[in-house]
Each structure stands twice: as structure tokens, then as C-alpha cells.
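Examination of the molecular architecture
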Amino acid sequence: MMNHNVLILGSGGREHALAWSLSRSPLLGELYISPGNPGTASHGTNVALKPAATTPSTAGPEAWFETVASFIREKNIDLTVVGPEQPLVDGITDYLQVRDCKVFGPSQAAARLEGSKTFAKWLMHKYQIPTAQSVEFSGDTVLDDLEGWLSVENKNWPIVIKADGLAAGKGVFISRNREESLEHLNKIREDETLRNAARRVIVEEFMEGEEASVFAITDGRNARLLLSAQDHKRIGEGDTGLNTGGMGAYAPAPVMNEHMLRLVEDTILYPTLGAMQLEGHAYRGVLYLGLMVTDEGPKVVEYNCRFGDPECQVLLPAMKSDLLEVLLATVNFELDKTTVEMSDEHFCCVVMASGGYPEAYKKGIEIRGIDDVSDDALVFHSGTRMDDGKLLTNGGRVLSVVAKGPDLRVSIDGCYREVEKISFDKGYYRCDIGAKGLKRS
Ligand code: AMP
Ligand code: GLY
């Protein structure tokens, strides 16, 4: 059996889950993670991979891509797995592929499904993929034009205002009335990142329903569904307060029953893959469908071009098949010859965060109790660092704790039992992860 050397790019809980899952594969040779974290270090070797110190600060992402490419050559890496969206949107896959490196992750043109909301909307409209009705604003006076449009009567409130580009989760505003929409417009004007992301803006109808995500791995033509999952984006219980990267997840999502999943495949997943092929940008990698289950069926809220974080932390423990085998089949266009088997158990993940997140928070606080966690549960590191043998907090989201059970209730209770064993000063977690799913199950 041939062993494959693998490089994972990224540093969060998602990348720790990827490292954990790949390290279980008999096909794995050496595993490297860049930059990784103390959790990934127990499954492979963390490497820094920064552009040379002499690189001018104005150099684009290619300076870093070249450092990655040199490392791949030096260590005979057979597969690079890209965790976060930014390098994909910046074109790392294209850069490495023309240098004969195999990459799990879409090309730059295909990553526009996440990187450009106007592209995603255009594609869905052209290929009749169900989504919210929308109008687009662009050009030099985009925000003034939008202000003019907002002041015209006869709108069906609420409406959703979305900046086109990547805006670290801050670029979507749900406005209940005209006053609120004008406040939101001002927020965009006052924030440089948002202003840049809002060179084009989409305004869309508000979709009523329950949100859920569906994940599929695809080689462009063939796809394998993983599971559905539900994230918890807001910091506060009952989905209140500021948006975060995600405070917890569970899988599967009861709202995504078999019938819904078939609808998602038939009306969204395969039509999207077909559309991308027809447009000449076959989508390869993991496709994350952010959906609203409405009275009219599932509709697309957003596409993402990578695993979710913390959804990945429940999806990979639920995967019975060998992840490395599946990723290799994807990059070798052989997914049709590979089955992906998922567990029929339920999985729950609670994110432990630093007090204050997603606003200002302290770092460097000692984390206690991880060694007491039961062997049946998993702890993935997000924002941690080791200092003199002590594990310290080093980010907003600190740890993801994952447990499984024969039903959602057991997985939630098991997860919180383990969470309670871990502590750090001012640590915070939501106590209602999975509650929405319990109502339905
Ligand atoms: P997005 O970044 O496009 O996923 O939007 C962030 C969040 O805003 C989503 O997870 C939804 O909760 C909400 N959202 C976005 N678009 C809509 C819509 N058209 N109708 C209802 N909620 C939406
Ligand atoms: N958890 C949401 C995301 O990864 O985008």
C-alpha cells in the first residue's frame, strides 16, 4: 500500500479535525499542518511557511503560494488540503496545480461561489436554482444608488443587504424597516473592509424558514453527500447578539429529512455542479450549501467553498469511510468509484470561547481539565498555544468539544458533560447548542 504525504493549510478547529481524521488513515505517510495549532501537533508536524522575510509587504498572495509550493516539492507532498476560504478565493489551487501539485479545494474561478455573492446569484438565476429573489447594485455610486432605492416606497420588509465580497461574516444585514436599512448602509460606509466588499451589493427578499447546511464532496461531476448540520452563529443563547464564526453545531439536522435531502440533491446540488461545468469552472472540493428550508422547499442562502468551522468538527467524526481515500479519489477524478459511508449516530459540538468574543478578549489564560475528558469524546483546538508545557488560550474561539450518541439528546448531554470538565478564566459557551434540533426530533 502506498503512503501519501499530506499538507493541511489552516490553524483552527476545522484543521485539527482534518488532521485527526487523516491521521487515522492507513494510507497516510507524513502529515504537515501550516501553521496548525497545539492540537494538530499531536497528529503531525506544524510548519510556519511564511514568505521570505525580504518579500515586500505589497507582494500579493503569490509570495506565500510560492513558499507553499517549495515546501511541497521539498517534502514530496502528494496532497494539499486547504482549510479556509481566503487562499482558495485568492487562487492557491490554480497556482499549485499548474506546478503539478494535487490540491483538495476549488479553483479561483469556482471559489467565486463563496467569494462573490453576485456571481453566485447570477449563476443561480441563470440555471434556476432556488434562492431568494434579488436585485444587484454596482458601479462607482453603488451605496448612493442603494440609498435612493431604499427610499422608494412599497418594499416588502424585512430585506437583506449583502456586500458582494468576503467580509469575515460581517457583510450581511437584515433590515426590518427603512430606518434600519439606512443605519445598515451607514455601517457599510463607516467600515473600510465592508466598503471594499460592498463595491457591489445584493439586496434580497427575506426567506422565512429554518436554516440548515448540507455538505458534499465533489470531483466536479460526481458528488457524495456527507451529512446535514446546523451551526449556531450568534454569540448569545436563543440566537441573540453578535455574529461569530460559529458557537456550536450538530449533525444531522432533523429538518433535513430524507425527502428534503433528495430535493437538495435534485434541485440544488447537481444543478449547481452542472452549471459550474457548463460555465467552464468545474467545482472540485467540498461544497457547503447554506440553505433555508421554506414552505416552497429548500433554497440557497449561500454557498461556501470549504468545510464549515465548527461543522467540520461534527462531520469528520461522523465519517466512517477513510477521509484520505475520499480526498485522493476527488483530486484524481475517481469519486464515482468511491463510496462515502457516514455514521447513523448523532454528533454535537460545543465551542468554548474567550469571554468578550466576538469583541475584545484576553489571550494567554491557562486551560485546565482537557486530560479529564472521556476517551469517547473529542477536543479540537481552535485558538490555543503551548507555553512552557502549559496550554493557554490564544484566540476568540478556543476549543471545540465533540460527543456522539444514538440520538441528538444523548449527544448533547454527553457533550456538555465533557465541556464542564474543562475550564479557563472567563471562558464562555452557549448552553443551548442543539436545542432547535431537539424540538423537531
Ligand atoms: P450569508 O453570509 O449569506 O449566509 O448570510 C448570513 C446569515 O444571514 C444567514 O446565515 C442567514 O441567517 C441570514 N440570511 C442571509 N440571507 C437571508 C435571506 N435572504 N433570508 C433570510 N435570512 C437570510
Ligand atoms: N460555521 C460557519 C462557517 O464556517 O462559515
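Up top is the structure.
Now for a description of the structure that goes with this document. (Residues numbered from 1 in each chain as written. Chains lettered and ligands numbered in written order. Predicted model: local features only at pLDDT ≥ 70, side-chain atom pairs only at ≥ 80, totals over all residues. Heavy atoms only, no water.)

**Details of the pairing of strand E15 (residues 285-294)**
Of all the 10 residues making up E15, 10 are buried; the element is thus mostly covered by neighbouring parts of the structure. Judged from the 9 bridges that link them, strand E10 (residues 210-218) and E15 form a sheet pairing that is antiparallel. Directly across from Ala 212, in E15, lies its bridge partner Leu 291. Once E15 ends, the chain turns through 2 residues before running back antiparallel as strand E16 (residues 297-304). (Buried < 20%, exposed > 50% of the residue type's maximum accessible area, 1.4 Å probe, protein only. Helix = DSSP H or I, 4+ residues; strand = E, 2+ residues; numbered from the N terminus. Pairing = 2+ DSSP bridges.)

**Brief notes about a nonpolar patch on the surface**
Together, Val 172, Ile 174 and Phe 206 give the surface a local cluster of nonpolar side chains, amounting to about 220 Å² of exposed area. On the secondary structure map, Val 172 appears in strand E8 (residues 172-175). (Patch = residues over 30% accessible without salt bridge, like charges linked within 9 Å, V, L, I, M, F, W, Y side chains within 5 Å. Areas by Shrake-Rupley, 256 points an atom, 1.4 Å probe, with all protein chains shown as cover. Salt bridge = Lys/Arg side-chain N within 4 Å of Asp/Glu carboxyl O.)

**Brief notes about the layout of surface pockets**
The volume enclosed by the second largest pocket comes to roughly 380 Å³. Along the walls of the second largest pocket sit 23 residues, with Trp 20, Arg 24, Leu 316, Pro 317 and Met 319 positioned nearest its centre. Among the elements of the structure, helix H1 (13-23) and strand E21 (397-405) are those that each provide at least two residues to the lining of the second largest pocket. Examining the composition of the lining of the second largest pocket, we find that 3 residues originate from one element, E21, more than from any other. Residues belonging to the lining of the second largest pocket are distributed by class as follows: 12 nonpolar, 4 polar and 7 charged. (1 Å grid on protein atoms, 1.4 Å probe; cavity = no way out; pocket = protein on both sides within 12 Å on 5 of 7 lines; lining within 4 Å. Points joined across faces, edges and corners; volume = space filled by probe spheres on them. Nonpolar A, V, L, I, M, F, W, Y, C, P; charged D, E, K, R; others polar.)

**Observations regarding the site of ligand 2**
Around ligand 2 lies a shell formed by Asp 231, Lys 233, Gly 245, Tyr 288, Asn 304, Arg 306, Gly 308, Asp 309, Pro 310 and Glu 311. Note that a nitrogen atom of ligand 2 is positioned 2.9 Å from one of the backbone N or O atoms of Asp 309. In the model, a nitrogen atom of ligand 2 is placed 2.9 Å from a nitrogen or oxygen of the Glu 311 side chain. Considered on its own, ligand 2 offers 200 Å² of accessible surface; in the complex 91% of this is hidden by protein. (Near = heavy atom within 4 Å. Polar contact = N/O pair within 3.5 Å; in protein donor to acceptor, adjacent residues only side chain to side chain.)

**Considerations on the site of ligand 1**
Of all residues adjacent to ligand 1, which total 14 residues, the nearest are Glu 204, Glu 205, Met 207, Glu 211 and Glu 302. Between Met 207 and ligand 1, the recorded distance is 2.7 Å, taken from a backbone N or O atom to a nitrogen atom. For ligand 1, whose accessible area on its own is 470 Å², the fraction buried by protein is 86%. Listing elements by their share of the shell around ligand 1, those giving two or more residues are strand E7 (159-163), E8, strand E9 (200-205) and E16. Split into classes, the residues belonging to the shell around ligand 1 amount to 8 nonpolar, no polar and 6 charged.

**Focus: the environment of Ala 229**
The residue Ala 229 is located in strand E11 (residues 223-231) in this model. Ala 229 sits in the buried class, given a relative accessible area of 0%. C-alpha of Ala 229 to C-alpha of Ala 253: the two residues are 24 residues apart in sequence and 4.9 Å apart in space. Not counting chain neighbours up to four residues away, the residues in contact with Ala 229 comprise Ala 212, Ser 213, Phe 215, Tyr 250, Ala 251, Ala 253 and Glu 311. (Contact = heavy atoms within 4.5 Å.)

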